[in-house]
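The chain contents come next:
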Amino acid sequence: MDKINPKDKRNIVLLGHHGCGKTHLIDSILFTSGKLDRTGVFVTDTEEAEKNRKASFSLGITGLSHKGVRINLVDTPGMAEFHAETVNGLYSSENVLTVINAVSGMEIMTERFGNIAKELNKSIMVFFNMLDKDRAGYKATLDEIRETFERTPVLLQLPIGSASELKGIVDLVENKAYIYEGETGKFNVEDVPADLQNAVEEARTKMIEDVIETDEALMEKYFEGEEITTDELKETLRKAYVENQIIPVLLGSAMKNIGINLLLDTFVSLGKTPEEAAPWSAELVNGGEILVEPLESEPLVGYIFKSTVDPFVGKLTFIKVISGSLKQGDSFMVVDQDSTEKAGHLLIVDGTKDIELTEASLGDIVKIAKLKKSAVGDTITHKDRQLKLKLLDWPEPMLSKSVQPKSKSDIDKISNGLSRLAESDPTFVWEHDAETGETVISGLGSVHLDIMVERLKKLFSVDVEVGKPKIAYRETIRRKVTAEYKHKKQTGGHGQYGHVQIEIEPLERGAGFEFVDKIVGGVIPKNYIPAVEKGIKEAMKKGVLASYPVVDVRVTLVYGSYHDVDSSDMSFQIAASQAFKKGMQEANPVILEPIMDVEIFVPDENAGDVMGEVTSRRGRPMGMESVGKGISKVIAQVPLSEMLDFSSKLSSITSGRGYFTMKFAGYQETPPDIQQKVIVERQRELEEE
Ligand SMILES: Nc1nc2c(ncn2[C@@H]2O[C@H](COP(=O)(O)OP(=O)(O)O)[C@@H](O)[C@H]2O)c(=O)[nH]1
Ligand SMILES: [Mg+2]
């Protein structure tokens, strides 16, 4: 396939709380456009884990052509632990289709990811799904949409019939009724049924007023009693959507294939084209900042938003072209890896198949095989203008588990597999401790880690045993001290001599590490100072209480001495390291534990019990509010160590109806009794290794 004109491209990322029907909706869109012969196959849930658990854990990418326009669809997981996937989905697309379960209304992850979509200046539309269900509705949620996104929701449709009697959709813009033939997706276009005419007239007036409010000239015309033409309306609607003033709201049912053709038409008629994307700020590698404009005439810039491993092909990388273009055979840079790469086949996904492109250009989402070095979150550019796209911070991995190969011969396969997996997800890291032989993986939660382990087993054919979850404790100090150490070995042969005096003082939480050099008069020569800093950093890797990393300290090098012949980097490194350890002992050290911001959603009648449970887990309640429909939200800060088995407890208190989300809030000192337990537990752990 030849290059596609950017005007004929629409990228749509689907966003919404787990279970609102995003993956089913994509089936239904493919079915409606003739790419699938039935729905419910969950095309974009390609992984076995996704099929088995009936949930999406990674981005799913597909596409189709509708009315001459290439539409790429990006399916996301709707869970906090898969934050990186979903946010990368947002980076991939100019348009966000927020899917709302019409029975549950606005849900927590929809709100959370919706806020990120807003922060990234995305244009947002809403699809109320599951209108075929009892108790489905959309009116009450419109105000929540307005509050969450701070844009005006504009209802463009009305349903014909409801729940199991849902028959069709009225398109308020065209003033036409679409009546569907069962679940076939086939429809007839008719006049608005007589019994709906009043409701339609009212909704249409509201819609027109919402739209023209964004355009002063049109508003004047309207209030002077002049007719607004359908073309004017459509044009203004599109402009207001593209400029992020309004949120078009559509209705339907993925299950019954109702309203899907209209959704597709809307992608084409309203959808933001890649040329209309907001410029993306970036840092030039040679210094300076720049805005990357979405122009095909600019040098190539692309963003790597997904990577997977195919058992046959190997590594597959998905790139969104942000500016410029890329031909087969072209060289480009993966800037973050400083790696020069060559583009092989450029593939775009069409239904369940791939189509080869001769040239990928602005707005395309292309799949490339076998890049040498690349990771999700990396920027690709032309070699003559290297830059890094600015991204939001990724959340820190908070939960760790050890993985042990069942067979020693699998060790290499495991490191290779974990490296590939870490490249696919910036919130997943792994570490192999050569001394203890232990491999530790870290991520955002236990499901996240479970899925990574499943991938490791499936994609890299290794068998591993997974250990107990480990918490990322830290150590710090509470008092300022001065410490001194002289490292001296001067018997026979080449001697060693390094001598430092340092001050160690506590910094505020989250400040990290600061090193200050206050040496005067060259008592330690300049060239040894980096070795001193290195020695301190080395010592900070394992604190004196329980060998956890030390954070939030400032170390000031104040004095020392050297020897003309015997001093070396190594001697100063050892001296600094020892001085730090000595000082830390005396500086009133303490263990820090991760604290989480937790939001718990429970039926009103369970809120009291859940609050009690939170308190008994050393949690600090921050508030409780009703979120409507008999559901309360309990907000609290709770230590992560207390949250590991919270899920099952919550389930038993609420008979399975409660759920919660959590996010890293910061580190906090552990109380003495807990600290003692952590130290004992850690000792046992270190002995076992
Ligand atoms: N009744 C009904 N069920 C639906 C509809 N759309 C999706 N579902 C079902 O809701 C469940 C969750 O859907 P899924 O697409 O996996 O949700 P996702 O987590 O947002 O991807 C599945 O069992 C779907 O078949 C709909 O319009 N009506
Ligand atoms: Mg899904």
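Every chain is numbered independently, its residues counted from 1 as its sequence is written. By the order in which they are written, chains take letters starting at A while ligands take numbers starting at 1. Selection of residues for local features in this predicted model requires a pLDDT of at least 70, selection of side-chain atom pairs for listing and counting requires 80 or more, and totals for whole chains, interfaces and linings are taken over all residues. Side-chain calculation: all heavy atoms of the structure are included, whereas hydrogens and water are not.

1. Things to note about the overall build of the chain
- Along the backbone of the chain there are 16 helices and 37 strands.
- Based on C-alpha atoms, the radius of gyration is set beside the globule rule, defined as 2.2 Å times the residue count to the power 0.38. Taken against the 2.2 N^0.38 rule, which gives 26 Å for 689 residues, the C-alpha radius of gyration of the chain at 29 Å falls within 12% of a compact globule.
- A simple rule labels every residue: compare its accessible area, found with a 1.4 Å probe on the protein chains alone, to the largest value its type can have, and call it buried under 20%, exposed over 50%, or partly exposed in between. The burial tally for the chain puts 54% of its 689 residues in the buried class.
- Contacts spanning at least 24 positions in sequence make up 72% of the contacts within the chain whose residues lie at least 6 apart.
- Total accessible area on the chain is roughly 30,200 Å²; 48% of this is exposed by carbon and sulfur atoms.
- Positive charges are assigned to Lys and Arg, negative charges to Asp and Glu, while His and the chain termini are left out of the count. By convention, the point assigned to a charge is CZ for Arg, NZ for Lys, CD for Glu and CG for Asp. Of note, the chain has its 83 positive side-chain charges centred 5 Å away from the centre of its 109 negative side-chain charges. Secondary structure elements are defined from DSSP: runs of H or I of at least 4 residues count as helices, runs of E of at least 2 residues count as strands, and each element is numbered from the N terminus. The criterion used for residue contact is that any of the two residues' heavy atoms lie within 4.5 Å. Each accessible area value is a Shrake-Rupley result obtained with a 1.4 Å probe; residue values ignore everything except the protein chains displayed when judging cover.

2. Focus: the packing of aromatic side chains
- Only Phe, Tyr and Trp rings take part, Trp by its six-membered ring, and two of them pair if their centres are within 6.5 Å. Stacked means planes under 30 degrees apart, edge-to-face means over 60, and tilted covers everything else. In the structure shown here, the tally under the stated rule is 15 aromatic pairs.
- With a centroid separation of 5.1 Å and an interplanar angle of 45 degrees, the aromatic rings of phenylalanine 57 and phenylalanine 82 are classed as tilted. On the criterion of sequence distance, the pair formed by phenylalanine 57 in the loop between helix H2 (48-53) and strand S2 (60-66) and phenylalanine 82 in the loop between strand S3 (69-75) and helix H3 (83-92) is long-range, its members being 25 residues apart. An identical accessibility class is assigned to phenylalanine 57 and phenylalanine 82; each is buried.
- In this structure an aromatic cluster arises from ring pairing among Tyr91, Trp280, Tyr303 and Trp394.
- Placement of a positive charge over a ring is assigned whenever Lys NZ or Arg CZ falls within 6 Å of the ring centre and within 35 degrees of the normal to the ring plane. When the ring centre of tyrosine 548 is taken as origin, the NZ or CZ atom of arginine 682, which lies over that ring, is 4.0 Å away.

3. A few points about the pattern of salt bridges
- Note on definitions: salt bridges are taken to be side-chain nitrogens of Lys or Arg within 4 Å of carboxyl oxygens of Asp or Glu. All told, the structure shown has 47 salt bridges when counted by the stated rule.
- With a closest N to O distance of 3.0 Å, lysine 118 and glutamate 150 form a salt bridge. With lysine 118 in helix H4 (residues 108-119) and glutamate 150 in the loop between helix H5 (139-149) and strand S6 (152-155), this residue pair connects regions lying 32 residues apart in the sequence.
- Given a relative accessible area of 21%, lysine 118 falls into the partly exposed group.
- Between arginine 618 and glutamate 593 there is a salt bridge, and its shortest N-O distance comes to 2.7 Å. Separated by 25 residues along the polypeptide, arginine 618 in the loop between helix H14 (607-616) and strand S35 (620-628) and glutamate 593 in strand S34 (residues 590-603) bring together distant segments of the chain.
- Taking the relative accessible area as the measure of exposure, arginine 618 reaches 27% and is therefore partly exposed.
- Through salt bridges with shared partners, one network takes in Lys35, Arg70 and Asp350.

4. Some details on the side chain of glutamate 505
- As for its placement among the helices and strands, glutamate 505 is situated in strand S31 (residues 496-506).
- The residues touching glutamate 505, leaving out its near neighbours within four places in the chain, are Ile477, Lys480, Asp552, Val553, Arg554 and Thr556.

5. With respect to unusual backbone geometry
- In this structure, methionine 130 is a non-glycine residue whose phi angle is positive, near 70 degrees.
- If you trace the backbone, methionine 130 turns up in the loop between strand S5 (123-129) and H5.
- Phi at asparagine 244 takes a positive value of approximately 60 degrees, unusual for a residue other than glycine.

6. Considering the coordination of the magnesium ion (ligand 2)
- Distances decide who is a donor: an N, O or S atom must be within 2.8 Å of the metal, or within 3.2 Å for Na, K and Ca. Water is not included, so sites may look incomplete. Thr23 (OG1) and Ser56 (OG) make up the full set of protein donors to the magnesium ion (ligand 2), lying at 2.0 Å. Within this pair, whereas threonine 23 is found in helix H1 (residues 22-32), its partner serine 56 is found in the loop between H2 and S2, the two being separated by 33 residues in sequence.
- Overall, threonine 23 belongs to the buried group, its relative accessible area being 7%.

7. Points about the site of ligand 1
- A single heavy atom is enough: if one lies within 4 Å of a molecule or strand, its residue is considered near that molecule or strand. Taken together, 16 residues lie near ligand 1, and Gly19, Lys22, Thr23, His24 and Asp132 sit nearest.
- Each polar contact in these results corresponds to two N or O atoms within 3.5 Å; when the atoms are within protein, one needs to be able to donate a hydrogen and the other to accept it, and residues that are neighboring in sequence are counted only if both atoms are side-chain atoms. Between asparagine 129 and ligand 1, the recorded distance is 3.0 Å, taken from a side-chain N or O atom to an oxygen atom.
- Between an oxygen atom of ligand 1 and a main-chain N or O atom of methionine 130, the distance comes to 3.3 Å.
- For ligand 1, whose free accessible area comes to 580 Å², the fraction covered by protein is 82%.

8. Concerning helix H6 (residues 197-212)
- Helices are assigned an expected span. That span is 1.5 Å times one less than the residue count. In a regular helix each residue adds 1.5 Å, so 16 residues correspond to 22 Å; H6 covers 22 Å between its end C-alpha atoms and thus fits that length.
- Along H6, the positions that sit buried rather than exposed are Val200, Ala203, Arg204, Met207, Ile208, Asp210, Val211 and Ile212.
- Packing partners of the buried residues in H6 comprise S6, strand S7 (157-160), strand S8 (168-171), helix H7 (216-223) and helix H8 (230-242).

9. A few points about the sheet that holds S31
- Here a strand pair is declared whenever DSSP counts at least two bridges between the two strands. If you trace the 4 strands from one edge of the open sheet to the other, you get S30-S31-S33-S32, paired in mixed fashion. The outermost strands of the open sheet, each flanked by one partner alone, are strand S30 (481-489) and strand S32 (513-517). The sheet shows a mean angle of 25 degrees between the axes of neighbouring strands, direction not considered.
- Across 9 bridges, S30 lies against S31 in antiparallel orientation. Counterpart to lysine 486 in the pairing with S31 is histidine 499.
- Seen against the sheet, helix H12 (residues 529-540) touches S31, S32 and strand S33 (553-561) and runs at an angle of roughly 155 degrees to S32.
- Axes here mean lines fitted to C-alpha atoms, for a helix over just the part in contact, with angles spanning 0 to 180 degrees between N-to-C directions. Relative to S31, helix H13 (residues 569-586) is tilted by about 35 degrees, and along the sheet it contacts S30, S31 and S33.

10. Considering a negative patch on the surface
- Residues enter a patch when their relative accessible area is above 30% and they make no salt bridge; the linking distance is 9 Å between like charges and 5 Å between nonpolar side chains (Val, Leu, Ile, Met, Phe, Trp, Tyr). Where like charges cluster on the molecular surface, the negative patch consists of Glu216, Glu220, Glu224 and Glu226.
- With respect to the element layout, glutamate 226 can be found in the loop between H7 and H8.

11. Points about the domain arrangement of the chain
- With domains assigned, the chain is organised as domain 1 (6-276), domain 2 (280-389), domain 3 (399-472), domain 4 (476-588) and domain 5 (591-679).
- With centres defined by C-alpha atoms, the gap from domain 4 to domain 5 works out at 40 Å.
- Between domain 4 and domain 5, the residue contacts involve 8 residues of the former and 7 residues of the latter.
- Throughout, the accessible surface (probe 1.4 Å) given up by two parts as they are put together, summed over both, is called the buried area. Taken together, the two surfaces of domain 4 and domain 5 that pack against each other cover about 620 Å², and 67% of this comes from carbon and sulfur.
- Three residues, Arg478, Arg509 and Leu545, lead the burial of domain 4 against domain 5; their summed loss comes to 62% of the area buried on that side. Residue ranges for the domains trace back to a domain assignment, done automatically or taken from a database.

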